[in-house]
Amino acid sequence: MTAPKPDIVFIITDQQRYDTIAALGASHMDTPNIDRLVTTGVSFEQCHVTAPSCVPCRASLFTGYYPHTNGVLANGQPWSRTWVSDLARAGYHCVNIGKMHTIPYDAKAGFHERYVVENKDRYMEGRWFFDEWDKALASHGLKKQQRETYRKRPDYKDRLGAFTWDLPAALQSDNFIGETTCWWLETKPVDKPLFLTIGFPGPHPPYDPTPEMAEKYMARDVPLPEVSDEELAALAAPWIEKRQHDVEVDHDSVAWKLKPTQEELKRMRAYYYANMEMIDTQVGHILDALEARGNMDNTIVIFTSDHGDNLGDHGLSQKWAPYDAVTRVPMIVSAPGLFEGG
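Fair warning: this is a prediction, and the values are worked out from it, not measured in the lab. Just so you know, the residues in each chain are numbered from 1, in the order the chain's sequence is written. Predicted model: local features are reported for residues with pLDDT of at least 70 only, side-chain atom pairs are reported and counted for 80 or more only, and whole-chain, interface and lining totals are derived from all residues. Excluded from the side-chain calculations are hydrogens and water; all other atoms, namely the structure's heavy atoms, are used.

Colleague: Outline helix α2 (residues 54–63), listing residues and values.
Modeller: The buried label applies to any residue whose accessible area, calculated with a 1.4 Å probe on protein chains only, is under 20% of its type's maximum; exposed applies above 50%, and partly exposed to all values in between. Secondary structure elements are defined from DSSP: runs of H or I of at least 4 residues count as helices, runs of E of at least 2 residues count as strands, and each element is numbered from the N terminus. Of all 10 residues that make up α2, 8 are buried, and the element is covered over most of its length. Among the residues of α2, those classed as buried are C54, V55, P56, C57, R58, A59, S60 and F62. Residues of α2 that are buried make contact with β1 (7–14), α3 (67–70), α4 (84–89) and β6 (194–203). Note on α2: the residue one or two positions beyond its end, G64, has a positive phi of about 85°. Whether two residues are in contact is decided by their heavy atoms, any of which lying within 4.5 Å being enough.

Colleague: How would you sum up the nonpolar core? Please name residues and give values.
Modeller: Among the buried residues, those of types Ala, Val, Leu, Ile, Met, Phe, Trp, Tyr and Cys that are joined through side-chain atoms within 4.5 Å form a nonpolar core. The biggest cluster of nonpolar side chains holds 54 residues, and the ones touching the most others in it are I11, L185, L196, I198, F200, V283 and F303. The element that contributes the greatest number of residues to this core is helix α11 (residues 262–293), accounting for 15 residues. Judged by nonpolar contacts, the second largest core, of 18 residues, contains V55, I103, A109 and F111.

Colleague: I'd like a description of the side chain of S173, backed by residues and values.
Modeller: Mapped onto the fold, S173 is located in helix α7 (residues 173–187). The class of S173 is buried, set by a relative accessible area of 0%. Apart from the residues within four sequence positions on either side, S173 is in contact with K120, W133 and P201.

Colleague: Outline the pairing of strand β4 (residues 93–98), supporting the account with residue identities and numerical values.
Modeller: Within β4, 6 of the 6 residues are buried, which leaves it mostly tucked inside the rest of the structure. Here, strands pair whenever DSSP counts at least two bridges between them. In this structure, β4 lies alongside β6, joined through 6 bridges in parallel fashion. The residue bridging G98 from the neighbouring strand is G199, located in β6.

Colleague: Got a sec to walk through the layout of surface pockets? Specific residues and values, please.
Modeller: Looking at the largest pocket, its volume works out to about 350 Å³. Within this scheme a cavity is a closed region of a 1 Å grid, computed over the protein atoms alone, that accommodates a 1.4 Å probe without allowing it to escape, whereas a pocket is open but has protein on both sides within 12 Å along at least five of seven lines; lining residues each have an atom within 4 Å of a point. Taken together, 19 residues line the largest pocket, and the ones lying closest to its centre are N119, E125, R147, H251 and D252. Polarity classes work like this: nonpolar for Ala, Val, Leu, Ile, Met, Phe, Trp, Tyr, Cys and Pro, charged for Asp, Glu, Lys and Arg, and polar for all others, with Gly in that last group. Classifying every residue of the lining of the largest pocket gives 6 nonpolar, 5 polar and 8 charged. Grid points are joined across faces, edges and corners, and a volume is the space filled by probe spheres set on the points.

Colleague: Provide a residue-level description of the sheet that holds β1, including the pertinent values.
Modeller: One open sheet holds the 7 strands; their spatial order is β2-β9-β7-β1-β6-β4-β5, and the pairing between them is mixed. Strands at the two margins of the open sheet, each flanked by one partner only, are β2 (42–43) and β5 (113–116). Only the stretch in contact is used when a helix axis is fitted, and all axes are lines through C-alpha atoms; the angle between N-to-C directions ranges over 0 to 180 degrees. Sheet contacts for helix α1 (residues 32–40): β2, β7 (299–305) and β9 (331–334); angle to β9, the most-contacted strand, approximately 65°.

Colleague: Residues and numbers for the environment of E264, please.
Modeller: As for its placement among the helices and strands, E264 is situated in helix α11. We classify E264 as buried; its relative accessible area is 8%. As a C-alpha pair, E264 and A162 span 102 residues in sequence and 8.9 Å in three-dimensional space. Non-local contacts of E264, meaning those with residues more than four positions away in its chain, are made with D158, L160 and K257.

Colleague: Requested: an account of the packing of aromatic side chains, with residues and values cited.
Modeller: Only centres within 6.5 Å qualify two rings of Phe, Tyr or Trp (six-membered ring in Trp) as a pair; their planes then separate them into stacked at under 30 degrees, edge-to-face at over 60, and tilted for everything else. What the rule picks out here adds up to 12 aromatic pairs. Ring geometry for Y207 versus Y272: centroids 5.7 Å apart, planes at 75°, classification edge-to-face. One end of the pair, Y207, is in the loop between β6 and α8 (211–218); the other, Y272, is in helix α11, and 65 residues separate them in sequence. Side by side, Y207 and Y272 carry an identical accessibility label, which is buried. Linked through ring pairs, F10, F62, W83, F111 and F195 together constitute an aromatic cluster. For a lysine, the NZ atom is tested; for an arginine, the CZ atom; a charge sits over a ring if that atom is within 6 Å of the ring centre and within 35 degrees of the ring normal. Above the plane of the ring of Y18 lies R328, whose end atom (NZ or CZ) is 3.7 Å from the centre.

Rendered as structure tokens:
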């Protein structure tokens, strides 16, 4: 008798550095649920992505081709064909909840069901595309926090993209994705093997933890970038130009500074790490919901990210410059019965 096909659950965060998981050496983090995956799974210590930007990374990952082959070289470029359709043909029920960053955003991309949630801040590209999260906020008479409102703050250019989420906690994007996933797992009957992709919008900026989580990480020591004048002077010309560009253009609500203070860098990183613990909490809820389905012995859970974030390393904001902080991501495969844990 042939063994039943395993369920496959693929969790992908957005812009998560490698050094954000306690069990993998990040002592400044509390990530008990991702740590569970490290314990039961195999961790890849040198997983590097194929491009330092969201759309090229995701198009590469979901097509199996390098960007120079599939032609998707920058954010905003169209792509939607994936290997997910191969899984569908093999008998899987294929579901995406959260961010995929296909262009167009709501392309089928091989899935039977999609619950699309896109970038937290879409000031230009896709501004008037209303995703599931926009609709949930609207149903409560709310609009998401975003650049056009952040810009009204007198301290906007000092925040480096770090703002507390001051609307109801359940409607913060990563909380919304986690709870939507649990709702789906608890209510949707599935009579086929499941392929489920869960795309968290965080910790991509704006770095927007709830106030109590922000306070938790502001109260602890977190690693800060150490950048000398000599390093800045020795940067390649494109990155020197990028530093100035990021001061002039506030990508994703991050107004960058050429010389941020230690206090400003501390807040940016603390809020980023706080975002990661919020995602970890939701990963725990998802793992519990999967356990309740009763098929964890035949479930493969994969956890990774599309790319990282310089967070001030090398004097740089966000991604695009392909240093290790951007190209190296966590990658954990938990498949009890197939691979030994730990």
